[in-house]
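# Structural description and commentary
What follows is each chain in one-letter form.
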Amino acid sequence: MLDSERIRRDPSGTAQRLRDRGFDGDLAPIVELLATRRALQSEISRLRHALKLRNREVGALYRAGRREEAERLRAELKRSPDEVSDRERRMKAAAAELEQRLLHLPNLAHDSVPVGPDEAANVEIRRVGEPPQFAFEPKPHQELAAALGMLDVERAVKLSGSRFAVLPGAGARLERALARFMLDVQTRRHGYEEVWLPLLVSGAALTGTGQLPKFADDVFRVEGRDLYLIPTAEVPLTNLHAGETLLRSELPKRYVAFTPCFRAEAGSYGKDTQGLIRQHQFDKVELVKITEAERSYEELESMTRDAERILQLLELPYRVVLLSSGDMGQAAAKTYDLEVWLPSQGTYREISSCSNCEEYQARRARIRYREAPGRRSRFAHTLNGSGLAVGRTWLAVLENYQQADGSVRVPEALRPYLDGLDAFRLPAAQG
RNA sequence: GGAGGGAUGGCCGAGCGGUUGAAGGCGGUGGUCUUGAAAACCACUGACCCGACAGGGUCCGGGGGUUCGAAUCCCCCUCCCUCCGCCA
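Residues numbered from 1 in each chain as written. Chains lettered and ligands numbered in written order. Predicted model: local features only at pLDDT ≥ 70, side-chain atom pairs only at ≥ 80, totals over all residues. Heavy atoms only, no water.

### Thoughts on the protein's contact with RNA strand B
Taken together, 18 residues lie around RNA strand B, and Arg38, Arg48, His49, Asn55 and Ser377 are the ones closest in. The sugar-phosphate backbone supplies 71% of the atoms of RNA strand B found within 4 Å of the protein. At 2.6 Å, a side-chain N or O of Ser377 approaches a phosphate oxygen of RNA strand B. Secondary-structure elements contributing two or more residues to the surface near RNA strand B are α3 (28–63) and α4 (67–79). Partitioned by chemical class, the residues of the surface near RNA strand B number three nonpolar, five polar and 10 charged. (Near = heavy atom within 4 Å. Polar contact = N/O pair within 3.5 Å; in protein donor to acceptor, adjacent residues only side chain to side chain. Helix = DSSP H or I, 4+ residues; strand = E, 2+ residues; numbered from the N terminus. Nonpolar A, V, L, I, M, F, W, Y, C, P; charged D, E, K, R; others polar.)

Okay, here's the thing in structure tokens:
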């Protein structure tokens, strides 16, 4: 949520920067609602004050034993018209509509973000690692995995329909190995605190991080209840401190969680229908930081490097992309995507997204901090990043480490997590 | 699922419907005393909003109601606790 004070002070400048974010709405109603709320608020405040004094007088008269005067004043007050509640109703209505409108506005982009309508305006920051050269036609991961007995699409369809997967045997082991490896790196080497979380969260939590109210179609809701399957652990992690005022000395908070993520993928029909790129359910190791305002951009750089570390250790070629104003998620002020090389597609595909949301989520979730007890509180800055999407890492390993005979080498860094296994081999080739 | 009991400031805990934004304690901050510390004593110490300041308003889990006036009375909701049932 944006600072309404900012909108009031500079409506046209804010509107321009919102247009950079792809927001085509009009700020005029918001500006008007702000003025209405403000005027009614001060009027109510004034009326209340006057009323309060007279009500107290009744009590004082009773206590002084001046019953008759007290009764007279009481009767008078009873007869006097209610000037407050009507204004209060109008004020509440204005405030509620204002709130709804504000909740739909995206964050403003940071100055360093390229302005543009879509991914065409993104800027590549760096490339790390060389795409592997194959003396044969590299296969897509779903073919490799099916042959290796690591993926069973038919049975997944039988259980749940499209965009779900069953990973038998070695497939499941690889998924678990990757998750443990990522968690170990982020907790031991980068100092994140691991947290185990609910996978179902309230609407309030989703509103706090920005998925609601605008993107209700993207999340699965439990029938008849105010509970939703998390689309990312960013939601419970960031909301851990919702409504709290932290002390500056305890910042930054650095959290990591390994969870399944659930996405309805409404509107993505026909996109990435083959393979495991786009699923309704996937595993992810998520990083979240809560920082003081002055440090958040340093923390974004280090968080991005923390995510990159996984790709480096797995020796997967990737690039870092700075998203343009039009390509970012609604809560982000600045986002770096990490894209891993996929040989079968001959291109880089998103495997992580690291964002600084500045105050946007902190305002919605009311996450504050203060310098010291007694000092004024400020909104914290929140950051989130994948470290990494496990499912996409799984398939990137298969594709990049595939051999001519259909086997897949295991990256060195992962072998300790697979009892020293050096390759996934075809059943026929085994023994 | 059934039966009870709760929700008050950073924490514990009072609170006849009328100077109660809220006693008391703990904690915290400052001071006196002390070579220093502890102890003791004194003072200060909730949040949010509007305002340059003075000041004003709101907040006792959330929402509604009764009343001239609600932390205090009534209704609904949420959450927590205890016991029973069920259960990994």
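### Concerning the sheet that holds strand β9 (residues 334–342)
Pairing is mixed in the open sheet, where eight strands are placed in the order β1-β8-β9-β10-β13-β7-β6-β2. With one partner strand each, in any of the chains shown, β1 (123–128) and β2 (193–194) form the two edges of the open sheet. Contacting β1, β6 (253–262), β7 (281–291), β8 (318–322), β9, β10 (347–356) and β13 (381–389), helix α11 (residues 296–313) crosses the sheet at an angle of about 5 degrees to β13. (Pairing = 2+ DSSP bridges. Contact = heavy atoms within 4.5 Å. Axes fitted to C-alpha atoms, helices over the stretch in contact; angles between N-to-C directions.)

### Here we look at unusual backbone geometry
Look at the link from Leu212 to Pro213: it is a cis peptide, with omega at 5 degrees. By the element assignment, Pro213 lies in the loop between α9 (203–209) and β4 (228–229). Here the bond from Leu251 into Pro252 is cis, since omega is -5 degrees, no more than 30 degrees from zero. By the element assignment, Pro252 lies in the loop between β5 (245–247) and β6. With a phi close to 55 degrees, Asp419 is a non-glycine residue in the positive phi region. If you trace the backbone, Asp419 turns up in the loop between β14 (408–409) and β15 (423–424).

### As for the sheet that holds strand β12 (residues 377–379)
One open sheet accounts for three strands, arranged β5-β11-β12; its pairing is mixed. The strands lining the two open edges of the sheet, one partner per strand, are β5 and β12. Shown here is a sheet whose adjacent strand axes are inclined to one another by a mean of 40 degrees, direction ignored. Two strands pair when backbone bridges link them, and β5 and strand β11 (residues 368–370) are joined in this way by three bridges, in the parallel orientation. Among the inter-strand pairings, Leu246 is bridged to a residue of β11, identified as Tyr369.

### Comments concerning the environment of Leu247
In this structure, Leu247 sits in strand β5. Owing to a relative accessible area of 30%, Leu247 belongs among the partly exposed residues under this scheme. Along the chain, Leu247 and Tyr369 lie 122 residues apart, while their C-alpha atoms are 5.3 Å from each other. (Buried < 20%, exposed > 50% of the residue type's maximum accessible area, 1.4 Å probe, protein only.)

### So, the domain arrangement of chain A
Along its sequence, chain A is carved into domain 1 (4–103) and domain 2 (119–430). Here the C-alpha centre of domain 2 lies 45 Å away from the C-alpha centre of domain 1. Each side of the interface is counted separately: domain 1 has four residues, and domain 2 has 10 residues. The largest share of the area that domain 1 buries against domain 2 comes from Asp20, Arg21 and Leu103, three residues that together contribute 86% of it. Applying the counting criterion to the domain 1 and domain 2 interface returns zero salt bridges. The tally of links between domain 1 and domain 2 comes to six residue pairs in polar contact (both at pLDDT 80 or more). Residues that form the side of domain 1 that touches domain 2 fall into these classes: one nonpolar, one polar and two charged. (Domains from an automatic or database assignment. Buried area = accessible area lost by both parts, 1.4 Å probe. Salt bridge = Lys/Arg side-chain N within 4 Å of Asp/Glu carboxyl O.)

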